[in-house]
Amino acid sequence: MSRPIRVLLMVENVALARDHRLRKHAAALVAAGLSVTVVCRRDPGNRGVPGVRVFDYPPPRDGTSKLGFAREYLYSLLMAAALTVRAMLAGGVDVVQISSTPDLAFVLAVPLRLLGRTVVFDFKDLSPEMYAARYGTREGLMYALLQRFEHASLRTADHVVAVNASVREVAMRRGGVPATGITVVGNGPPLAALTARTPDPALRRGHEHLCVLAGMMGPQDSIHLAVEAVARVVHERGRTDTAFTFIGAGDAVPDLRRLATRLGLNPWVTFPGWVEQERLFDHLATADLGLEPNLEDFVTPVKALEYMAFGLPFVAFDVAETRLVAEGAAELAPPGDVAAFAALIDGLLADPARRAALGATGRRVVSESLAWEHQARRYLTVFEVPRAGRRAQVRA
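Described below are features of the structure shown in this document. Since the model is a prediction, treat every value here as computed from it, not as a measurement. (Residues numbered from 1 in each chain as written. Predicted model: local features only at pLDDT ≥ 70, side-chain atom pairs only at ≥ 80, totals over all residues. Heavy atoms only, no water.)

### Description of the nonpolar core
Reasoning step 1: Within the largest apolar cluster, 64 residues are counted, with the highest numbers of intra-cluster contacts made by Phe 244, Phe 246, Val 269, Phe 314 and Ile 345.
Reasoning step 2: For Val 269, the contacting residues outside a window of four places in its chain are Arg 205, Val 230, Phe 244, Phe 246 and Ala 260. (Core = buried A, V, L, I, M, F, W, Y, C linked by side-chain atoms within 4.5 Å. Buried < 20%, exposed > 50% of the residue type's maximum accessible area, 1.4 Å probe, protein only. Contact = heavy atoms within 4.5 Å.)

### Looking at the sheet that holds strand 13 (residues 330-333)
Strands belonging to one sheet form pairs held by backbone hydrogen bonds; the direction of such a pair is parallel or antiparallel.
Reasoning step 1: What the six strands build is an open sheet, ordered 10-9-8-11-12-13; its pairing is parallel. Looking at strand neighbours, the two that pair on one side only are strand 10 (269-273) and strand 13, the edges of this open sheet. Across the sheet, the mean angle from the axis of one strand to that of its neighbour is 25°, orientation sign disregarded.
Reasoning step 2: Here three bridges tie strand 9 (residues 242-247) to strand 10, and the two strands are oriented parallel to one another. If you follow Phe 244 over to strand 10, its bridge partner there is Val 269.
Reasoning step 3: Against the sheet, helix 9 (residues 277-286) touches strand 8 (209-214) and strand 9, its axis set at about 135° to strand 8. (Pairing = 2+ DSSP bridges. Helix = DSSP H or I, 4+ residues; strand = E, 2+ residues; numbered from the N terminus. Axes fitted to C-alpha atoms, helices over the stretch in contact; angles between N-to-C directions.)

### Re empty space enclosed by the protein
Reasoning step 1: On inspection of all chains with the given rule, the structure shows one cavity of 30 Å³ or more.
Reasoning step 2: There is about 120 Å³ of room inside the largest cavity.
Reasoning step 3: Looking at the largest cavity, it is lined by 12 residues, and the ones nearest its centre are Met 10, Glu 12, Leu 77, Ala 80 and Ala 105.
Reasoning step 4: For the lining of the largest cavity, the elements supplying multiple residues, two or more each, are strand 1 (6-15) and helix 2 (66-89). (1 Å grid on protein atoms, 1.4 Å probe; cavity = no way out; pocket = protein on both sides within 12 Å on 5 of 7 lines; lining within 4 Å. Points joined across faces, edges and corners; volume = space filled by probe spheres on them.)

### Observations regarding the packing of helix 13 (residues 352-370) against helix 14 (residues 372-380)
Relative orientation and spacing of two packed helices are given, respectively, by the angle between their axes and the distance between those axes.
Reasoning step 1: Running from amino to carboxyl end, helix 13 crosses helix 14 at an angle of 20°, the nearest separation of the two axes being 6 Å. Classified by the interaxial angle, the pair formed by helix 13 and helix 14 is roughly parallel. From helix 13, Val 366, Ser 367, Glu 368, Ser 369 and Leu 370 reach across to helix 14, where they touch Trp 372, His 374 and Gln 375. (Parallel < 35°, antiparallel > 145°, perpendicular 65-115°, else oblique.)

### Describing the packing of aromatic side chains
Reasoning step 1: For the structure shown, the criterion picks out 10 aromatic pairs.
Reasoning step 2: With a centroid separation of 6.0 Å and an interplanar angle of 75°, the aromatic rings of Tyr 57 and Tyr 75 are classed as edge-to-face. Taken together, the residues span a long stretch of sequence, with Tyr 57 in strand 3 (residues 52-57) and Tyr 75 in helix 2 at a distance of 18 residues.
Reasoning step 3: Residue Tyr 57 is classed as buried on the basis of its relative accessible area, which comes to 1%. (Phe/Tyr/Trp six-rings, centres within 6.5 Å; stacked < 30°, edge-to-face > 60°.)

### A closer look at helix 1 (residues 20-31)
Reasoning step 1: Helix length check: helix 1, at 12 residues, gives a terminal C-alpha distance of 17 Å against a target of 16 Å (1.5 Å per residue), a fit within 8%.
Reasoning step 2: Considered for burial, the residues of helix 1 that qualify are Arg 21, Leu 22, Arg 23, Lys 24, His 25, Ala 26, Ala 28 and Leu 29.
Reasoning step 3: The opening residue of helix 1 is Asp 19, an N-cap whose side-chain oxygen sits 3.2 Å from the backbone nitrogen of Arg 21.
Reasoning step 4: One or two steps after helix 1, the chain reaches Gly 33, where phi turns positive at roughly 95°. (Expected span 1.5 Å × (residues − 1). Polar contact = N/O pair within 3.5 Å; in protein donor to acceptor, adjacent residues only side chain to side chain.)

So far we have only geometry, and geometry alone does not tell us how the molecule works.
What follows is the structure in structure tokens.
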């Protein structure tokens, strides 16, 4: 009787407990009968995926400078290497899936391939573009290195899993990966987890309306533009009947709190930090409107997908991947136009019929095509169960 394929999922920049995509990958593989081990940063919630073995390490201090990021990534790479060896000795590994970003795990992938293991690269973020968004430059040694690391990761992999069509095109153009070597697997929410729930009026904090932004908050996520739009809604348009809740964690949160204070928004804006999934869902079920200020064309708007799953209309900037996902489910402002973003927030809060129409469209699109249940089937086609004694195969 052949044993199940043994998959090692490796991620550097986030713990399993906080990586929605990785949790969905792990759960899908376990449900399909594969043996799954995860190597990642330590977090109390890492053991929350049934059937998954977790080897985690103490998280490094988050880098804030270029040198700090280099130290963070080197430490994480060394810890991942040690735990990969542990996983291979404690049960074995057939397939290793490494996740971007950063794109350094190819250093581990090369010897693993030489040892006969199959390598899958989960290509979800573009490191060079994220660096440029954070530091405002595409020059210098670090940017050049990130380009090389990305290319090496793409070329080392036996198969690439791309989070969307834009990232797929990058893999083909910059990595020379053939179309047959890439599978697009979206990051939609699992419908099974989105059970109907009653809105919680307390979350409105005494206001008539609630707007929510939920997700990671790094400098590249442009959350400050949403805060500036809220200031225009409150101070210029006189809408003081709305609470704005920014849920999530990231390097930008301290600066965002200071910005909200400086703009006189404390009576309306709160930053509760990271919340458990059920509490997040309570917010989404209660909110009147979602906010998605992403400006990067290649980024799948995960925030938007969750809004849509709850039938929650939202306001976003008109960039490529957001437009593809949000058509008919959101109002889109010209990229970076804070005044237009604010006007759309104000207009939708005043128009419940329009909000209902947008929300219904979003829910339908998620249910019919974008939900994780649809994406999981595509993800599992990447893995083929090997015959006994044979190397694990990945669809090429």
